[in-house]
Every structure is written in C-alpha cells, then in structure tokens.
Amino acid sequence: MPFPITNQVQTAQQTTKHYGITSPISLALPKESDLALTQKLTEALKPFGVFEEELELQRRILVLGKLNTLVKEWIREISESKNIPASLIDNVGGKIFTFGSYRLGVHTKGADIDALCVAPRHVERTDFFSSFYEKLKEQEEVKDLRAVEEAFVPVIKLSFDGIEIDILFARLALQTIPENLDLRDDGLLKNLDIRCIRSLNGCRVTDEILHLVPNIENFRLTLRAIKLWAKRHNIYSNILGFLGGVSWAMLVARTCQLYPNAVASTLVHKFFLVFSKWEWPNPVLLKQPEDCNLNLPVWDPRVTPSDRYHLMPIITPAYPQQNSTYNVSVSTRNIMVEEFKQGLAITDEILQNKADWSKLFEAPNFFQKYKYVLNLRLRLMRHVSNRVGLVESKIRILVGNLEKNEFITLAHVNPQSFPGPKEGSEKEEFSTMWVIGIDFKKMEGSEHLNVDLTFDIQSFTDTVYRQAISSKMFEPDMKITAMHVKRKQLHQLLPDLVILKRRKHSTEGLRAMNESSVDLSLDSDNSMSMPSPTGASSSAAAKSGVSASPHSSTGTTTNSDSQGKADTSGGTAPVGGMCGFCGYVRAFLYFFGSLLTRYTWFYVAAEGSTAHLVESSSSRNTTNSPPLMGPPVGKRPVELHLHVVDDFLCLFQKMPSAELSDIPLLPANPIPVVKNSIKLRLSR
C-alpha cells in the first residue's frame, strides 16, 4: 500500500544524483545557522495547524486500510458475478492509491484525502457507480455519500469516519492488479479511455514529483511553508487563476532540484529568489518531456497554437504532460510575481536575523490594499454547492474581461468567499459573496476618467446563466448581483473580523443593514444587479404606474452614517445597506419610487480618486445652496442620472433634469430588473 509514505530521507552528503533538466545552481551544504533557522521555521508553522498529530495520522491510515479492504471485497464479488475463473479471483486484486497533499505528505489538520480506485479490465465504470456505491452506503462509518458521475473527472465523495474522501476510478487493461503496481509506468495507459487516463493523472504526477526531488523531507517542509504563505497572501486558488496545490508543489520541487543540498530555510529563500526573477512565460519543467506514441494531447507550443498564449506555464512531469496553470491571467501573474518579490525581501531580512519567520506569514489586509472593489453575490433559496462552484469557476472570465478594459491595470479576486448579508425576508436564503480588488490606470494630464464596466459584467453573468442552463443546474431563484463598492463601505457587507481597521460607525452601519434601510450617505458610485433570465417575464410590469410618496430628506455630512429608510409598509423591503444605487435592485426600486417627486438628480462629488454619492433636492438652488456634502473647491461635480426605460435600468451622465419628467412611474410592487449599467467617472 502507498500509505504511509516510507521515509526516503537522504543526507546532504549523499546527494550526488542529477535532478531536473539543468545542472544545480549550488551544491553548498547547510551551515549550523541554516539548521537553526529551519528549526525556527518549523516552530513558526505549528500555530497554523499545518502539522497533523500522530494520532490523527494513524486514524487516516486505518480508514484508508478499511477502504482498501472494501475495494478488494467488491472486486471479488464483481468477478464472481461475471464468472471469472476461480484461479483468477483469488489473485484479482484491486487497490486504493492516494494522491494530492496526503500523498505528498503535506496535508493539514482536517484536510480531505484524494484517492483512486484501480480495478482490472473486467470491472466497468458503471459497476463502480452502482454496486460499489451501494456497498459504501451499507457501511456505518460512511456519511454524506454522493456520486458525481457526469463530472469531467467522475468521482464519489463521502465522509468515512469523519474524514472527507474523494474517490476516482480507473480500469486498467490488466487481468489482475498486483500489490506492487507502479502507476508511473506509461505502458499502463495503453488501450484506456480518456476518463481513466484523467483519473490516473493525479497519482502519476504526484509520484513523479516525489521521485524528482533530492530530499523528500526538505521538500515537504518547504512546501508546507510556501503553501501557507500563498494561502495567507490570497494567491492559492487554481480555479480563480492563481496556483493550486500541484503547481506550488512543482515550483518547490524545481527549487529543490536547483539547490539539492539545501535545507528548508534556505529553500524557502531560494524559492522567492528564483521565481521573482523567472522570465515568464518560459515553462517550469521538472524533467524533459517524453513522447510515448499514444497520440494523447500534450503541452507543446511548437505544435499547439493555443499553448503559446499560456502566461505562466508549469508543466506536469507525467505523460501526457499538461500545463497546470492554464487559468493564470495577466492580473494573477502580476500579483503573484509581486508577492514573490515581497517574499524575497522578507526572507532576506530573516536570513540576516532582522525579522522572524512570523513576518512571512502575516496576512496582508486585502480590503485595505484596493480602493475600488467589485462585489459579486450569488443568492439561492437553498445551499447547493455545485451552483456555488459553477459561479466561482467562471469568475476568472470576469477578471479576463476587466483586464481588457483600457483603464484597468489589475483585477485581484480574493480566493476567500464570504456569506452574504441576510435580507429582511421570511424565506430562508443562502448567499455567497466574492470580492475583486481593482486598480485603475493613472492618466496623466486628464482631470477625469470615465470607466464603463457594463459589458464586462453582463458578459460574465450571461456566461454563468448559459452554463447553468446547459448543465441543468439553473434554478429560477438563482440570482447573481455585481456592484461596485468603496473600501469604506465594506464593513456593511463583510464580517467584522475580516476588515481590521478602526471605524466610528460600523455598529450603526450593520444595524442599518438589519433594519432594511437604504443609506444615501454612503458613497458608492453605482451598482449592478443581474437577475436570472426568467426574470424577464415580469419586465412588462415596468410600464404600469404608481403614486410616489414623499420621502423626508436626510442631511448628511462626510462623517455621518445617518440612514434614509425606505417605506416598508405593505411588505418587507430587502436590505439596502450599500448606497442609493445599491445592488439589491428590488429594494432600490422600491425606494426610488418614493424619491421621484422629491429629487431631480443625483451627482457624484469627486475628491481625488474617491467618488461620493450625494443627493440634490429639486427645490434647492444647486449653485447658491450646495448640499451638505458637496464637491471640494475647484472640483467639478459629476452628474449621474437614473432613467427607467421599459425593461432597462440605465445610468446616464449629464442628462438635463427636465427629462426626468418623462420617466414612467414604478409599480407598487418591486419589479425585476433585466439589465443596468455600471459607469464610473473618477476625478483625478
């Protein structure tokens, strides 16, 4: 059995084998100071739970042993039912292999286990998802059993005695499965279907990595440190365009090849040194690619034109070689390279005894880093993990759209998702949010910058809905909301522990959200709500009338958090909480109906790059009597007008106030909004 991994530690003096596609950079042996720093690194990692207790490790081994026994029993039963000769049944075998972080020996407390069930040729995939699934269901220790047969890599997910396990299936063209089977043998791939090849790939890549590093223990400790650093710095997520576990493992393995005698403290420093200076898109390779003449697609930019556009290629060492980082975009690569440079500066200080290892693992405040933030929110009436995964897998498309905008230099998705704010509704609702930090270009010699994100976000939401419909995951209550928010407003959406900064009015802001109020004093420029496609059927209601009720004007100052509350009579209004243009469209429309008779226009008072939303009464002389929070002296206000036209909610800049009299009145009940615009005008 491949678990636990046998101790393959080699001393530095014994390292003579050549690893990798180039000669090592240095063969220097570790000094006493390097060993002391490595011990300090180990101690610094312990508080983060990256090491599992021996008792828990033994429990994992026991669970995998039980699962392996179940596989052998199941394959024997299948063999008997298919009239396999008795002489073969006794030796038919079957085996559970592990891969991923557990196989590499770097799993953390509570982490799941990736496993592969390998069966002989007479066992079909349909048997795995039928009879083996039923056999698992009979086990008392098995909970949360579910099969995902139509996935790109079909899998059975379960919890076995409290340990989460994902089991893949591969059927080999062999009569029996020997105990000493080495999955790195390329000959095993002959005559296999593509799903079995995909399932085998994880084990083959993991085993190759372990065979391509000079010292496994040094590799493991270094990888634990780098993975923790990446997670703390919000750059650990393959699905969002950063690097996943196997990619980080290959980068660390390449570092180990270049410094074969170095210990973990040195390797961490060399990791940042090598990859902060790496000339991307030159690929990272652990071994020379081999052609097995099996006609499987491999990464080769000389043959495949699309491979030439990969920005940060890290190539898996097992055939068929693939780029594990095809999701990386311009923004995510720039973010990671910048983090490599900062990591190098910190480890320089650590090696000079000017800082401790804890500094490397300090989590930067993502929400203080970016002045402009795009908030994505998925709302469902019930929690369905595959729909959350669908939206998350498409966020990189939105990042790609934003990168193409001529005024945006960088878009950074926070890999951590957050629970969305609860609306004041009796219905149970599940809500998940993602946050994207945006950097805009600094335009020289230009006072204003106009940015329109409407098409970028609309194409993203359209893609998600199309994918949900085609994969039969769409539900009428599935709604995606995208809104632009300012840094100072984030405390109303995110947990207090997330935003570590002093603020005077956070309590009032959170209370306002719970009371379903709409806050006009907060300074969001605009918002965007994208209901589900089925919402269009209700759009005809936009043409019916409603009598608007007067709404009291609330004077605000720059440091005020006073709230303008929506009239909630006759129903429960959803949360506003963000601003007058908040992304929760129904609440906004409900509130806007009462504003039409009171306010003629809104404008944004620009201060530096920060835009503040301000209301202006139609009865007020805007020249002689400015609002309480007006534009700074010498700055021209940016007018931002709303116009409801049939099914569309649009924002028009500098529209004459007289045109507002042509706006059709809104119905008494909130209506779904099909499309709207996000248009920003930022004053420099």
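Check the entry above for the structure.
Before going into details, it helps to say that this report is about the structure given with it. Everything numeric here is computed off the predicted structure, so don't read it as measured data.

Description of the packing of helix α1 (residues 32-45) against helix α9 (residues 264-276)
Part 1 of the reasoning: Closest axis-to-axis distance for the α1/α9 pair is 7 Å, and the angle between their directions is 85°. One element, α1, and the other, α9, form an angle in the roughly perpendicular class. For the pair formed by α1 and α9, the contact residues are Asp34, Leu37, Thr38 and Leu41 on the first element and Ala264, Ser265, Thr266 and Val268 on the second.
Part 2 of the reasoning: By residue class, the composition of the contact of α1 with α9 is 4 nonpolar, 3 polar and 1 charged.

Topic: α9
Each full turn of the α-helix corresponds to 3.6 residues, which orients residues three or four apart in the same direction.
Part 1 of the reasoning: Taking 1.5 Å of rise per residue, 13 residues should cover 18 Å, and α9 covers 18 Å from first to last C-alpha, within 8% of that figure.
Part 2 of the reasoning: By the criterion of burial, α9 is predominantly enclosed, with 11 of the 13 residues buried.
Part 3 of the reasoning: Buried residues of α9: Ala264, Ser265, Thr266, Leu267, Val268, His269, Phe271, Phe272, Val274, Phe275 and Ser276, and no others.
Part 4 of the reasoning: In this structure, the buried residues of α9 make contact with α1, α7 (216-232), α8 (245-258) and α10 (330-351).

Topic: the pattern of salt bridges
Part 1 of the reasoning: Under the counting rule described, the total for this entry stands at 23 salt bridges.
Part 2 of the reasoning: For Asp166, the salt bridge identified is with Lys157, shortest N-O distance 3.2 Å.
Part 3 of the reasoning: Shared partners join several salt bridges into a network, and the residues in it are Glu56, Arg59 and Asp161.

Description of the sheet that holds strand β1 (residues 95-99)
Part 1 of the reasoning: Read across the open sheet, the 5 strands follow the order β1-β2-β5-β4-β3; overall the sheet is mixed. Only two strands of the sheet have a single partner each, and these edge strands are β1 and β3 (142-148). Within the sheet, the average angular offset between the axes of one strand and its neighbour, ignoring direction, is 25°.
Part 2 of the reasoning: In the sheet, strand β2 (residues 113-119) pairs with strand β5 (residues 163-171) via 7 bridges, with the strands oriented parallel. Counterpart to Ile113 in the pairing with β5 is Ile165.
Part 3 of the reasoning: The strands that helix α2 (residues 54-81) touches are β1, β2, β4 (155-160) and β5; relative to β5, the one it contacts most, it runs at about 35°.
Part 4 of the reasoning: In the packing of helix α5 (residues 125-137) onto the sheet, the strands contacted are β2, β3, β4 and β5, and the crossing angle to β3 comes to about 165°.

Cut-offs used in this document
Residues numbered from 1 in each chain as written. Predicted model: local features only at pLDDT ≥ 70, side-chain atom pairs only at ≥ 80, totals over all residues. Heavy atoms only, no water. Axes fitted to C-alpha atoms, helices over the stretch in contact; angles between N-to-C directions. Helix = DSSP H or I, 4+ residues; strand = E, 2+ residues; numbered from the N terminus. Parallel < 35°, antiparallel > 145°, perpendicular 65-115°, else oblique. Contact = heavy atoms within 4.5 Å. Nonpolar A, V, L, I, M, F, W, Y, C, P; charged D, E, K, R; others polar. Expected span 1.5 Å × (residues − 1). Buried < 20%, exposed > 50% of the residue type's maximum accessible area, 1.4 Å probe, protein only. Salt bridge = Lys/Arg side-chain N within 4 Å of Asp/Glu carboxyl O. Pairing = 2+ DSSP bridges.

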